[in-house]
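Architecture and fold: a report
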Amino acid sequence: MNTPLVSTSWLAEHLHDTNLRIVDIRGKVLPATQPPPHYFSHRDDYAKSHIPNAVFVDWTTDIVEPNSPSNDIASPERFASLMGQLGIDADTVVVIYDDAASMFAARLWWGLQYYGHKEVYVLDGGWTKWVAEDLPTDNLVPQIEKKTFVPHVNDSIGATADRIVAKLDSGNMQLVDVRSPAEFAGEASRAELMGHIPNAINLPRKTMVAQDSTLLPKDDLIAHFAKIGITLDAPETVIYCNSGVSASYGMLAMQVAGAKNIRVYDGSW
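What you see as residue numbers is a count from 1 along each chain, following the sequence as written. In keeping with the predicted nature of the model, local features appear solely for residues at pLDDT of at least 70, side-chain atom pairs appear and are counted solely at 80 or more, and the whole-chain, interface and lining totals rest on all residues. Excluded from the side-chain calculations are hydrogens and water; all other atoms, namely the structure's heavy atoms, are used.

**Observations concerning the overall build of the chain**
As a reminder of what qualifies: Secondary structure follows DSSP: runs of H or I at least 4 residues long count as helices, runs of E at least 2 residues long count as strands, and numbering of each begins at the N terminus. It is over C-alpha atoms that the radius of gyration is taken, and the globule rule equals 2.2 Å times the number of residues to the power 0.38. For the exposure calls, accessible area comes from a 1.4 Å probe over protein chains only, and a residue counts as buried if that area is under 20% of its type's maximum, exposed if over 50%, partly exposed in between. Counting rule applied: Lys, Arg positive; Asp, Glu negative; His and chain ends not counted. Positions of charges follow a simple convention, taking NZ of Lys, CZ of Arg, CG of Asp or CD of Glu.
The secondary structure content of the chain amounts to 9 helices and 12 strands. For the chain, whose C-alpha radius of gyration is 18 Å, the value lies close to the compact-globule estimate of 18 Å for 269 residues. Counting every position in the chain, which comprises 269 residues, the buried fraction comes to 53%. When the 21 basic and 33 acidic side-chain charges of the chain are each reduced to a single mean position, those positions are 1 Å apart.

**A word on the sheet that holds strand S9 (residues 174-177)**
Put simply, the test is: When DSSP locates at least two bridges between a pair of strands, those strands are taken to pair.
Spatial strand order, S8-S12-S11-S9-S10: 5 strands in an open sheet with parallel pairing. Both outer strands of the open sheet, strand S8 (158-159) and strand S10 (201-202), are each paired with one neighbouring strand and no more. Where S9 and S10 come together, 2 bridges link them in parallel fashion. Within S10, the residue paired with Val176 across the bridge is Ile201.

**A few points about the sheet that holds strand S5 (residues 54-56)**
The following threshold applies: Residues count as neighbours in contact if any of their non-hydrogen atoms are within 4.5 Å of one another. Throughout, an axis means a line fitted to C-alpha atoms (over the contacting stretch in the case of helices), and angles, computed between N-to-C directions, take values from 0 to 180 degrees.
Reading across the sheet, the 5 strands line up as S1-S7-S6-S2-S5 and stay open at both edges, with parallel pairing between neighbours. Every other strand in the sheet has two partners, leaving strand S1 (5-6) and S5 as the edge strands with one partner each. Pairing between S1 and strand S7 (residues 120-123): 2 bridges, direction parallel. By the bridge assignment, Leu5 is partnered in S7 with Val122. Docked against the sheet, helix H4 (residues 103-114) engages strand S2 (20-24), strand S6 (93-97) and S7, running at close to 175° with respect to S7.

**A look at the packing of helix H8 (residues 218-227) against helix H9 (residues 245-257)**
Let me state the cut-off plainly: Each angle is binned into one of four classes, with values under 35 degrees roughly parallel, values over 145 roughly antiparallel, values of 65 to 115 roughly perpendicular, and all other values oblique. In the scheme used here, Gly and all other residues not listed as nonpolar or charged are polar, with Ala, Val, Leu, Ile, Met, Phe, Trp, Tyr, Cys and Pro taken as nonpolar and Asp, Glu, Lys and Arg as charged.
At their nearest, the axes of H8 and H9 sit 8 Å apart, and the two run at 105° to each other. In terms of orientation, H8 lies roughly perpendicular with respect to H9. Contacts from Lys218, Leu221, Ile222 and Phe225 in H8 reach Ala253, Met254, Val256 and Ala257 in H9. Broken down by class, the residue content of the contact of H8 with H9 amounts to 7 nonpolar, no polar and 1 charged.

**Quick word on the nonpolar core**
Spelled out, the test is: Nine residue types can take part in a nonpolar core, namely buried Ala, Val, Leu, Ile, Met, Phe, Trp, Tyr and Cys, and a core is a set of them joined through side-chain atoms within 4.5 Å.
Among the nonpolar cores identified, the biggest contains 58 residues, and Phe79 and Ile96 are the most heavily contacted of them. Of all the secondary-structure elements, those providing two or more residues to this core are helix H3 (76-85), S6, H4, S7, H8, H9 and strand S12 (262-265). Core analysis: the second largest hydrophobic core is formed by 16 residues, Val6, Phe56, Val95 and Tyr121 among them.

**What about H9?**
Filter applied, for reference: An expected span of 1.5 Å times one less than the residue number is assigned to each helix.
Compared with an ideal rise of 1.5 Å per residue, which puts 13 residues at 18 Å, H9 spans 19 Å between its outermost C-alpha atoms and is within 8% of the ideal. The element H9 is largely enclosed, with a buried count of 12 among its 13 residues. Buried within H9 we find Val245, Ser246, Ala247, Ser248, Tyr249, Gly250, Met251, Leu252, Ala253, Met254, Val256 and Ala257. Of the residues one or two after H9, Gly258 is the one with positive phi, at around 110°.

**Describing unusual backbone geometry**
Trans peptide bonds make up most of the peptide bonds, and negative phi angles are found at most residues other than glycine. Notably, Asn53 is not glycine yet its phi reads approximately 75°, a positive angle. Assignment of secondary structure puts Asn53 in the loop between helix H2 (43-48) and S5. Of note in the backbone geometry, Asn261 takes a positive phi value of approximately 55° without being a glycine. If you trace the backbone, Asn261 turns up in the loop between H9 and S12.

**Quick notes on the side chain of Asp24**
Stated precisely, the cut-off is as follows: Whenever a nitrogen or oxygen atom comes within 3.5 Å of another N or O atom, the pair is scored as a polar contact, on the condition that within protein one atom can donate a hydrogen and the other can accept it, and that pairs from neighbouring residues in sequence are kept only if both atoms are in side chains.
Inspection of the secondary structure puts Asp24 in strand S2. Side chain to side chain, Asp24 and Arg26 meet in a polar contact 2.8 Å long. Aside from chain neighbours lying at most four places away, what touches Asp24 is Tyr46, His50, Ala54, Val55, Phe56, Val57 and Tyr97.

**Some details on the pairing of strand S11 (residues 237-240)**
Filter applied, for reference: Seen with the strands pointing away from the viewer, any crossover whose path from the first strand over the helix to the second strand runs clockwise is right-handed.
Alternating positions in S11 separate into two faces, Thr237 and Ile239 on one and Val238 and Tyr240 on the other, with burial throughout. The pairing of S9 with S11 spans 4 bridges and is classified as parallel. When the sheet's bridge partners are listed, Val176 is paired in S11 with Ile239. As judged from the 3 bridges shared by S11 and S12, these two strands associate in the parallel manner. The residue bridging Thr237 from the neighbouring strand is Ile262, located in S12. With respect to chirality, the unit in which S11 leads through H9 into the neighbouring parallel S12 is right-handed.

**Re H8**
We count it as follows: Directions pointing from the helix axis toward each C-beta atom define the arc.
Taken as a whole, H8 has its buried residues at Leu221, His224 and Phe225. Looking down the long axis of H8, one finds its buried residues gathered within 95° of arc, a one-sided arrangement. Away from its buried face, by an angle of more than 90 degrees, H8 presents the exposed residues Asp219, Ala226 and Lys227. Structurally, H8 contributes buried residues whose contacts are with H9. Following H8 by one or two positions, Gly229 adopts a phi angle in the positive range, close to 90°.

In short, the description is geometric, and any link to function would need to be established separately.
In structure tokens, the structure reads:
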């Protein structure tokens, strides 16, 4: 497939493919204007009902490095251990969904690619669209045969603070901030410091989401990006948010729109 997305109809037709692993990564984030904690997983919702054969991943703990102040993606060893336990190896097709307009699904989508996995997709519209279409659900936890996941770090889709600082005034890097307008403007923050990285363009994640929780169509994305000054042919685009989650969704959207050379700043603001 030439897209990072799969439709609900596609998944419904392929539910029982032997080389398919469906991952439920439901959760929520509270606005920065509310008191912490801000981050929650929906493991209890998974226990009640989920897409058949789906396994659950807690986005707040399972795929992050313990004690990281900015929820950095898990180390290669930690990430590989989890993927192996989920029955994912190099030949597995992975489809990920959530109930937050694919924000957390995109994070794992990026994480798998960052560690070299090729066949990974986001369910467009996620759980919200699946349930609205009255597609099958159950509460059974699948029995998983463990596999071996071998991580291969793909630095071409990651960015560090040092890289950003070094290229900040070069004119060769497009910076995109997908946090809320209030956070971008320095009116709210999940960190001690408020504001944004110099030269960044604000692209709030919610502006890329349709009413049914799917990603906006390609042409709409292209028009939206052009309107706010984001170019799809920049030598390099670095996307950031608070800790790399919404930024991963920004990467997914820009990829669908046709952009190349996109990096996620893991850890972000």
